[in-house]
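Descriptive structure summary
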Amino acid sequence: MDAKVNKQQLNWAELGFQYHRTDYRFCARHVSGSWNQGELIESEIIQAHEGAPALHYAQQCFEGLKAQTAVDGRVLLFRPDLNSERMNMAASRLLMPEVPRALFMLAVEETVRANYSWIPPYGSGASLYIRPMLIGVGENLGLRPAQQFEFRVFVSPVGPYYKTDGMAVISLAVSELDRAAPNGTGSYKVGANYAGGLLATRKAQEKGADEALFLDSAEGRYIDEAGSANIVIAMKDGAFITPNSNAILPSITRKSLMVIAREQLHLKTEERDIDLRAEISEFEEAAACGTAAVLAPVGRILVDQQWHSIYEDGQTVGPIMQELYDRLVGIQIGELSDAFGWCHEIKI
Ligand code: PLP
Ligand code: COI
């Protein structure tokens, strides 16, 4: 099959957010202080030493971005420079070597190109999720940084993260478990944060919610973020707000939504502490946002054993979140003009 012409025979519209093996992945190794040039490989299996620091001490970080087919057939990434930057922040925090931006971009582009047949077509609602990862490998036992590292990029076609169609309304349950400490690793995309959050998600789901909502771990009062997404809120007074916290992942989606809200919807935007219990009655609309989540309206929040509805019963999404979703996705799939210069085309 000519990988550049034919698409896989998948039911794209039915895809969920699951791993789907594709043909190629990119792998580079950092040995003796420098990166090799890396290459595309076929095996999805990583061979790692049993003493690898990634396995014992979570010396690893990752990223998440998507390639989408635009209305005119181009293949677009959304602000990949920010993923590269964020991966290097995490690398430095965990004493791993930075991945040069050129290597990061080469790996992402090569992997997407090599798996062209797996990029969901325009209009399918699906996209090609890209997962760059950096792990400490090689032999080790004591608590110290690895001597060797692997940078790998794999891709998987995915559908919506939460439910199937368009903008599903989700619910959140406040977690009694903390995700991250104020000066810890919460603002870095490192696997350890997510391992600690698995039980919180499980507990939230047992209470009937889709996701855990974490409050700040110092006071248990201010909104931090959800398990896999940041939070944005449209207030009844017209302000569009998002938490100001150094314990949350600096979401690229959120950063972009704040710009769209300010520049195009002309809302007064603010990053500030949001006292959940004191302010929830002033929420007009709320949403979780992220690469996987896109923009998912939050319909209900479980706080101190009590459900609070944000949207009226039966309402699916409010006008502000709908407008933001349409503008964000419109830019990402080339239906709207890329007014902020956010799209990066991969020449196939
Ligand atoms: N918060 C967490 C914990 C996440 O895992 C993600 C996903 O990447 C986000 C927020 C959203 O970040 P982004 O919009 O950069 O994908
Ligand atoms: C993403 O949105 O890219 C993420 O990494 C979230 C992850 C939990 C799927």
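Look up: the structure comes first, before these words.
Okay, so let's go over this structure. Just so we're clear, the structure is a prediction, and the values are computed from it rather than from any experiment. (Residues numbered from 1 in each chain as written. Chains lettered and ligands numbered in written order. Predicted model: local features only at pLDDT ≥ 70, side-chain atom pairs only at ≥ 80, totals over all residues. Heavy atoms only, no water.)

This part covers the packing of helix α2 (residues 80-93) against helix α3 (residues 101-114). The description of two helices packed together rests on the angle between their axes and the distance between the axes. α3 packs onto α2 with a crossing angle of 125° between their chain directions and a minimal axis gap of 10 Å. It follows from the interaxial angle that α2 and α3 lie oblique. Relative to α3, α2 is oriented so that their crossing is right-handed. The segment α2 lies against α3, with Pro80, Asp81, Asn83, Ser84, Glu85 and Met87 engaging Arg101, Phe104 and Met105. Among the residues forming the contact of α2 with α3, the class breakdown is four nonpolar, two polar and three charged. (Axes fitted to C-alpha atoms, helices over the stretch in contact; angles between N-to-C directions. Helix = DSSP H or I, 4+ residues; strand = E, 2+ residues; numbered from the N terminus. Parallel < 35°, antiparallel > 145°, perpendicular 65-115°, else oblique. Left-handed = near helix turned anticlockwise from the far one by under 90°. Contact = heavy atoms within 4.5 Å. Nonpolar A, V, L, I, M, F, W, Y, C, P; charged D, E, K, R; others polar.)

Moving on: the pattern of salt bridges. Throughout the structure, instances matching the rule amount to 19 salt bridges. Put simply, Glu44 and Arg21 hold a salt bridge, and the shortest N to O gap is 3.0 Å. Here Glu44 is found in the loop between β3 (39-41) and α1 (53-56), whereas its partner Arg21 is found in the segment before β1 (25-31), with 23 residues between them in sequence. Overall, Glu44 belongs to the partly exposed group, its relative accessible area being 35%. Exposure remark for Arg21: the relative accessible area of 34% places this residue in the partly exposed category. Between Arg74 and Asp72 there is a salt bridge; the shortest N-O distance is 2.8 Å. Connected via shared salt-bridge partners are Lys268, Glu270, Arg272 and Glu279. (Salt bridge = Lys/Arg side-chain N within 4 Å of Asp/Glu carboxyl O. Buried < 20%, exposed > 50% of the residue type's maximum accessible area, 1.4 Å probe, protein only.)

Another point: the site of ligand 1. As a structural note, the neighbourhood of ligand 1 is formed by 16 residues, with Tyr194, Glu225, Ser251, Thr253 and Thr291 the closest of them. Ser251 places a polar side-chain atom, nitrogen or oxygen, 2.6 Å from an oxygen atom of ligand 1. Of all the secondary structure elements, the ones that give two or more residues to the shell around ligand 1 are α5 (252-263) and β15 (283-290). For the shell around ligand 1, the per-class residue count stands at five nonpolar, seven polar and four charged. (Near = heavy atom within 4 Å. Polar contact = N/O pair within 3.5 Å; in protein donor to acceptor, adjacent residues only side chain to side chain.)

For helix α4 (residues 191-206), built from 16 residues, the straight-helix expectation of 22 Å at 1.5 Å per residue is met to within 8% by its first-to-last C-alpha distance of 23 Å. Within α4, the axis deviates most sharply at Gly197, by approximately 35°. By the burial criterion, the buried members of α4 are Gly191, Asn193, Gly197, Ala200, Thr201 and Ala204. On the buried face of α4, the contacting elements are β4 (60-62), β9 (170-174) and β10 (211-215). Gly208 lies just past α4 and shows a positive phi near 95°. (Expected span 1.5 Å × (residues − 1). Bend = angle between axes of the 7 residues up to and from the residue.)

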